[in-house]
Amino acid sequence: MRLALLGCGTVGGEVVRLLHEQSADLAARIGAPLEIAGIAVRRLGRDRGDLPVDPALFTTDALGLIKRDDVDVVVEVVGGIEPARGWLVEALRAGKSVVTANKALLAEDGAALHDATAEGGGDLYYEAAVAGAIPLLRPLRESLHGDRINRVTGIVNGTTNFILSAMDATGAGFAEALEEATELGYAEADPTADVEGFDAAAKAAILASLAFHTRVGAADVHREGITEVTAADVASAKAMGCTIKLLCIAARGADATGRETVSVRVHPAMIPLAHPLASVGDAYNAVFVEAEAAGPLMFYGRGAGGAPTASAVLGDVVAVSRNRLAGVRAASESAYADLPVRPMGEALTRYHISLDVADRPGVLAAVAGVFARHDVSIATVRQGPAGGGAAGRGEDADLVIVTHVAPDAALAATVRELRGLDIVRSVASVLRVEGGL
Ligand code: NDP
Ligand code: HSE
């Protein structure tokens, strides 16, 4: 098996190292030796340390490498939309098998890759694209194909999980925790894709597509990042026996006519400490899958880093290589269900709302009236003196309201109206609540 490696950075470098260290085992598992035909990079002169590879294999001509007749498998660990999309479509149409970790591309234009795979007859594998080392996509795409998945809830971004875990452990604010994540090498120089939720949204789209046999793209995912999460939110969650996590949630539902739908969203949410995802700390990832017959399943492990991600890439390389040798291919994309994606406003969520209100007769009734007008049912109300102390600030009170499940649009409208009331001095925090409370 001859392999073209596109990219030799954090992940690609580890792919090269593992291919070298495990060449005999990999050959035995595949049934043929695995050789690198070439490695496409951007900078030929870059210092690549003591990488165990012949320097003559490096090229800047990725397309030329892909088109070579002696290349069977193309491994793409470059990232980004272009030129990766053009390369992979070319490779797949030519019947080569492709292994990629490129979640951004899969979520942006998975259709182009799947269509090219169907045309060329090779395989398209992408286990590393979601949750790094964790075997997750293969179980969704194969092991659970006899079952019906109802919901997938996950922590799929290590950087934001590190930041939120640090905020929870130390009481630090977002900026301070981000600085620590950057110093320790978790956050990239430009952390936008992680902290604004783009990375998690791409992964959510891929998970939803596989779980619900429906093409879901990045544009279908409601996305909110963690930049607005404050130390006060984290303290508020703690007071409720909860922690805050950036969750990706993909769930089946039904619209007003009863037609089956899916909703896919990424946002910070409070979850009770007893929830299986609450104890996922540091930069770890975990995904909780709820299937009809199997029940709840939890997948946990390292979601990023060179070696963990390379492990997933090599698992795919072995799978596609064995398929090629056997003259078979994996089952093609399963998108037969083609379920409509519900807008966020119709997603069913719960809110935890902290208000600073005037402490005088009728205020509670007025606040409750706003919820009632929007048909949002209140689950719990907790009131204390503003500022938390026994004496408080005297004229104000802190009001913490947790709602029952309601459409997100109704909850958002409730908060908008609350903000406009003169008895509401401020809306201190609004967080979605997941996983019971
Ligand atoms: P890096 O930035 O470390 O490496 C990117 C590699 O691509 C480099 O070798 C670079 O070349 C090469 N490259 C960039 N542009 C071009 C180009 N135009 N032509 C040829 N080569 C090019 O990225 P990572 O290894 O971190 O990530 C790779 C992929 O894996 C991405 O899709 C990422 O989302 C995904 N991924 C990464 C994870 C991680 O923990 N890092 C985890 C899961 C998935 P040069 O070396 O010359 O600069
Ligand atoms: N930036 C990503 C994370 C890398 O922090 O999880 C893995 O996809």
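The rules behind these values
Residues numbered from 1 in each chain as written. Chains lettered and ligands numbered in written order. Predicted model: local features only at pLDDT ≥ 70, side-chain atom pairs only at ≥ 80, totals over all residues. Heavy atoms only, no water. Near = heavy atom within 4 Å. Polar contact = N/O pair within 3.5 Å; in protein donor to acceptor, adjacent residues only side chain to side chain. Areas by Shrake-Rupley, 256 points an atom, 1.4 Å probe, with all protein chains shown as cover. Helix = DSSP H or I, 4+ residues; strand = E, 2+ residues; numbered from the N terminus. Phe/Tyr/Trp six-rings, centres within 6.5 Å; stacked < 30°, edge-to-face > 60°. Buried < 20%, exposed > 50% of the residue type's maximum accessible area, 1.4 Å probe, protein only. Lys NZ or Arg CZ within 6 Å of the ring centre and 35° of its normal. Salt bridge = Lys/Arg side-chain N within 4 Å of Asp/Glu carboxyl O. Domains from an automatic or database assignment. Contact = heavy atoms within 4.5 Å. Buried area = accessible area lost by both parts, 1.4 Å probe.

Remarks on the site of ligand 2
Contacts to ligand 2 come from Lys103, Asn157, Gly158, Thr159, Asp194, Asp199, Lys203, Gly303 and Ala304. At a separation of 3.5 Å, an oxygen atom of ligand 2 approaches a polar side-chain atom of Asn157. One of the side-chain nitrogen or oxygen atoms of Lys203 is found 2.7 Å away from an oxygen atom of ligand 2. Notes on ligand 2: free accessible area 250 Å², of which the protein chains cover 83%. Elements represented by at least two residues in the shell around ligand 2 include exactly helix 7 (158-170) and helix 10 (198-212).

A few points about the packing of aromatic side chains
In the structure shown here, the tally under the stated rule is two aromatic pairs. Between Tyr284 and Tyr300, the aromatic rings sit 5.2 Å apart at their centres with planes inclined by 5 degrees, giving stacked as the arrangement. Here Tyr284 is found in strand 11 (residues 284-291), whereas its partner Tyr300 is found in strand 12 (residues 295-302), with 16 residues between them in sequence. The partly exposed category is assigned to Tyr300, whose relative accessible area is 49%. Positioned above the aromatic ring of Tyr125 is the side chain of Arg141, whose terminal nitrogen or guanidinium carbon lies 4.5 Å from the ring centre. Between the NZ or CZ atom of Arg223 and the centre of the ring of Phe198, over which it lies, the distance is 3.8 Å.

Considerations on the pattern of salt bridges
On inspection of all chains with the given rule, the structure shows 25 salt bridges. A salt bridge links Arg68 to Asp70, with the shortest nitrogen-to-oxygen separation between them at 3.0 Å. Arg68 gets classed as partly exposed once you look at its relative accessible area, which sits at 32%. Its salt-bridge partner being Arg265, residue Glu434 comes within 3.0 Å of it at the nearest N-O pair. In this pair, Glu434 is assigned in the segment after strand 17 (424-433) and Arg265 in strand 10 (residues 260-272), connecting sequence segments 169 residues apart. Glu434 gets classed as buried once you look at its relative accessible area, which sits at 7%. Here Arg265 falls in the buried class, since its relative accessible area comes to 2%.

Quick look at the domain arrangement of the protein
Accessible area lost during the coming together of the parts is what is often quoted as the interface size. Domain boundaries assigned for the protein yield domain 1 (2-132 + 306-326), domain 2 (143-301) and domain 3 (346-433). Taken over C-alpha atoms, the centre of domain 2 sits 25 Å from the centre of domain 3. Each partner contributes to the interface: domain 2 provides 13 residues, whereas domain 3 provides 13 residues. Between domain 2 and domain 3 lies a buried interface of about 1000 Å² when both sides are counted; carbon and sulfur atoms form 59% of it. For domain 2, the biggest contributors to the area lost against domain 3 are Met240, Arg265 and Met270; these three give 45% of the whole. Here domain 2 is connected to domain 3 by one salt bridge. The salt bridge involving Glu224 is made with Arg432; its shortest N-O contact spans 3.0 Å. Joining domain 2 to domain 3, the criterion identifies four residue pairs in polar contact (both at pLDDT 80 or more). Listing elements by their share of the side of domain 2 that touches domain 3, those giving two or more residues are helix 11 (231-239) and strand 10. With six residues, strand 10 is the single largest residue contributor to the side of domain 2 that touches domain 3.

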